[in-house]
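Coordinates in review
Each chain, written out:
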Amino acid sequence: MENATAIDIPVADVHTDDVLEVARRITPIVRAASHESERVGSMTPEIVELFKRTKLFWLLTPQELGGWGADIITTMKVLEMLSRADASAGWSLMANVNSTGFIGGAGSEALLELIHGGPEQPIVAGMFAPLCRAERVDGGFMLGGSYSFGSGSKHANWLAAGALLADGDSSREIVYFAPRAEVNLKENWDVIGLVGTGSYDYEIPRRFVDEDLIIYRQGAEILRGQPSMRLDLPSIAAAGHAAVALGMGLQSIDELQKVLAARKPRAGQVGAADQQLFRHGFSLAEGRFRAARSYCYELFAEGLATVEGGDRLSELQIHRLRQVTTLVHHAAYEMADFAFTWSGSGALRAKSAMGRCFRDVRVAMNHIYVDPSTLTNASPLILASYASDEDLVGFEG
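Residues numbered from 1 in each chain as written. Predicted model: local features only at pLDDT ≥ 70, side-chain atom pairs only at ≥ 80, totals over all residues. Heavy atoms only, no water.

A closer look at the pairing of strand 6 (residues 200-210)
The criterion, for reference: Strand pairing is defined by DSSP finding a minimum of two bridges between the two strands. Segments assigned H or I by DSSP are reported as helices when at least four residues long, segments assigned E as strands when at least two residues long, and all are numbered from the N terminus.
Where strand 2 (residues 140-150) and strand 6 come together, 8 bridges link them in antiparallel fashion. For Tyr 147, the partnering residue across the bridge sits in strand 6 and is Tyr 202. Sheet topology note: the strand 5 (residues 184-186)/strand 6 ladder contains 3 bridges and is antiparallel. The residue of strand 6 that forms the bridge with Leu 185 is Tyr 202.

As for the confidence of the model for the protein
For the record, the criterion: Scored between 0 and 100, pLDDT is the confidence that the predictor attaches to each residue. Here, residues are in contact when the closest pair of their heavy atoms is within 4.5 Å.
Counting all residues, the mean pLDDT for the protein is 92, and 95% of those residues have values of 70 or more. Taken together, the stretch residues 1-7 has pLDDT below 50 and engages in 19 contacts with residues farther than four places along the chain or on a different chain.

Points about the layout of surface pockets
Basically, it comes down to this: With a 1 Å grid spanning the protein atoms alone, the term cavity applies to any set of points in which a 1.4 Å probe fits but cannot get out, the term pocket to an open set with protein on both sides within 12 Å along at least five of seven lines, and the term lining residue to any residue with an atom within 4 Å of a point. Grid points are joined across faces, edges and corners, and a volume is the space filled by probe spheres set on the points.
One number sums up the size of the largest pocket: a volume of about 1,400 Å³. Taken together, 49 residues line the largest pocket, and the ones lying closest to its centre are Arg 217, Leu 233, Pro 234, Ala 237 and Tyr 369. When residues of the lining of the largest pocket are traced back to their parent elements, those giving at least two are helix 5 (87-106), strand 1 (124-137), helix 7 (233-262), helix 9 (315-342), helix 10 (353-364) and helix 11 (373-388).

Regarding the packing of helix 9 against helix 11
Condition: Convention adopted: a line fitted to C-alpha atoms gives each axis, helices being fitted over their contacting stretch, and angles between N-to-C directions are expressed from 0 to 180 degrees. Working definition: roughly parallel below 35 degrees, roughly antiparallel above 145 degrees, roughly perpendicular at 65 to 115 degrees, and oblique for all remaining angles. Here a crossing is taken to be left-handed if its near helix is turned anticlockwise relative to the far helix by less than a right angle, and right-handed if that turn runs clockwise.
Two numbers describe how helix 9 lies on helix 11: the axes approach to 9 Å, and their chain directions differ by 130°. Accordingly, the angle class assigned to the pair helix 9 and helix 11 is oblique. Between helix 9 and helix 11 the crossing geometry is left-handed. Contact residues: Glu 315, Leu 316, His 319, Arg 320, Arg 322, Gln 323 and Thr 326 in helix 9; Thr 374, Leu 375, Asn 377, Ala 378, Leu 381, Ile 382, Ser 385 and Tyr 386 in helix 11.

Section: the environment of Ala 292
Our working definition: Residue burial is assigned from relative accessible area. The probe radius is 1.4 Å, only protein chains are included, and a residue is buried under 20% of its type maximum, exposed over 50%, and partly exposed in between.
By secondary structure assignment, the location of Ala 292 is in helix 8 (residues 276-308). On the accessibility criterion, Ala 292 (12% relative accessible area) is buried. Taking the C-alpha atoms as reference points, Ala 292 and Thr 16, 276 residues apart in sequence, are found 31 Å from one another. Leaving out residues up to four positions away in the same chain, Ala 292 has contacts with Val 324, Val 328 and Ala 331.

Points about the sheet that holds strand 5
Strand order in this open sheet of 7 strands is 5-6-2-1-3-4-7, and the pairing throughout is mixed. Every other strand in the sheet has two partners, leaving strand 5 and strand 7 (215-216) as the edge strands with one partner each. Set on the sheet, helix 5 makes contact with strand 1, strand 4 (170-179) and strand 7; between it and strand 1 the angle comes to about 50°.

So, unusual backbone geometry
We note that Lys 55 has phi near 60°; this positive angle belongs to a residue other than glycine. Inspection of the secondary structure puts Lys 55 in the loop between helix 3 (45-53) and helix 4 (72-85). You will see that Phe 149, though not glycine, has its phi angle at about 60°, which is positive. On the secondary structure map, Phe 149 appears in strand 2.

What to know about the pattern of salt bridges
Operational definition: The salt bridge criterion pairs a side-chain nitrogen of Lys or Arg with a carboxyl oxygen of Asp or Glu, the two atoms within 4 Å.
The full count for this structure, using the stated rule, is 17 salt bridges. A salt bridge links Arg 288 to Glu 334, with the shortest nitrogen-to-oxygen separation between them at 2.8 Å. Taken as a pair, Arg 288 in helix 8 and Glu 334 in helix 9 lie far apart in primary sequence, 46 residues in all. Overlapping salt bridges, with partners in common, bring together Glu 21, Arg 24 and Arg 25 in one network.

Focus on helix 7
As a reminder of what qualifies: Helix span, expected: 1.5 Å multiplied by one less than the number of residues in the helix.
The first and last C-alpha atoms of helix 7 sit 44 Å apart over 30 residues, in line with the 44 Å expected at 1.5 Å per residue. With 23 of 30 residues buried, helix 7 is to be regarded as a mostly interior element.

Focus: the pairing of strand 4
Across 10 bridges, strand 3 (residues 158-167) lies against strand 4 in antiparallel orientation. Considered in strand 4, the bridge of Leu 165 is made with Arg 172. With 2 bridges joining them, strand 4 and strand 7 adopt antiparallel strand pairing. Opposite Val 175, over in strand 7, you have Ile 215 as the bridge partner.

If you want it as C-alpha cells, here you go:
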C-alpha cells in the first residue's frame, strides 16, 4: 500500500462545548479527505489528528475520563453527520468510539489505570467476538489468537479481542486488551467498499492477562459514566451501525443532487429530474428512508429513556433495536441504489463519490449486525407484543 500523502485541509475552529456543532464544523474537512482516505485504505493522519483534537474518539467515554460523555442519541447524530461526509471515516470512528467508551464505562480501576494511564488517551479498536479460548490460570487467564475486521486499528493504540472461557458446565465470553506495539497488525484490507476503514486482520500472541484486566462481554457491570452506558453492548453497537447507514443514505441523496444539477439534458430529451419515473421512484425511496430514520431515532430514544429511568432494556426492546438497525440499512441501500442508477455513467468512474457511496452501502449490508437473522429472531416477540398490547402505545384508534 502506498504511503499516505498530506492533503491541504483547513483548520477548523472547534472551540465549543457542543459536540454536534463540532461535528458540523469539521464535516467539510472529513469530506475533503475522503478520496485520500480511500486511496490509503484508512483514515488519513490529518483526520486522525482532527478527531483527537476534537475528542471525537472519546465521544462515549465518560466525562470523568476526559471524554464527551455523550448520550446515545447525540452519538448517533454525530456519526450520521460524519458518515454523510465519508462513510469510511464515520464507520472507523464508530468502531473506535464504541470500543473505547465500553472500556471507560465497564473497565475495572486496574484496567483504566493501564489503558488511560499512559501519555495519550486510549483509542481502542478490535473484534469482540470470542475467536479464541481462554484458559483459567492462577490470577487470570492465558489467551491469544487471530482476529479479523479490526476497523480503525491503524491509528489505535490498544486492540481489543474476544475469548470464550469455559467455566464448569457453562461458558462466558470475555474481552481482553493488548497494546498496539504487541499486536501483529496485518495491513491486508483489500475490499470494494468501506475501503478507508482500515479493517485489518490482526494477531495477539498468547499471553497472560490478569483477571482484573478483562471485561465480561455479557452482563458487564457499568461502573461509571452517563446512563447511555447502561444500554447493553449489542444495542450500543447497533446504534453506531444504524447511524453510519443513515449517513450513507443521506450522502447518496447529496451526490444525486450534485449529478442532476451538473447534467445538461440532451437536445429533445427531458431531464432526469423532470421524468415521471424518476419523480415517483425518488419519492418512494426517500420516503421509505425518512420513515426508517424516524423510527430508528424513536426506538433508540425510548431505549435511552428506559435506562435513564433506572430500568434495563426489555428483551422486546433489544430485538426491536436490532430490527430497526437492519431496516435502516435496507432503506439506505434502496436510496443509494436509486441514486446510483439515475446518476448514469458518471457513477461508474473510479473516483466518483456516488460510486463510492453505493459500494460502501452494499458492503455495510453484509455485516453481521444486519444479518437476516436479526429479523427472524425479532419476529416472535414482536408478534406476541401485539397480542398482549405490550407494544401498542400510541397506536390506539
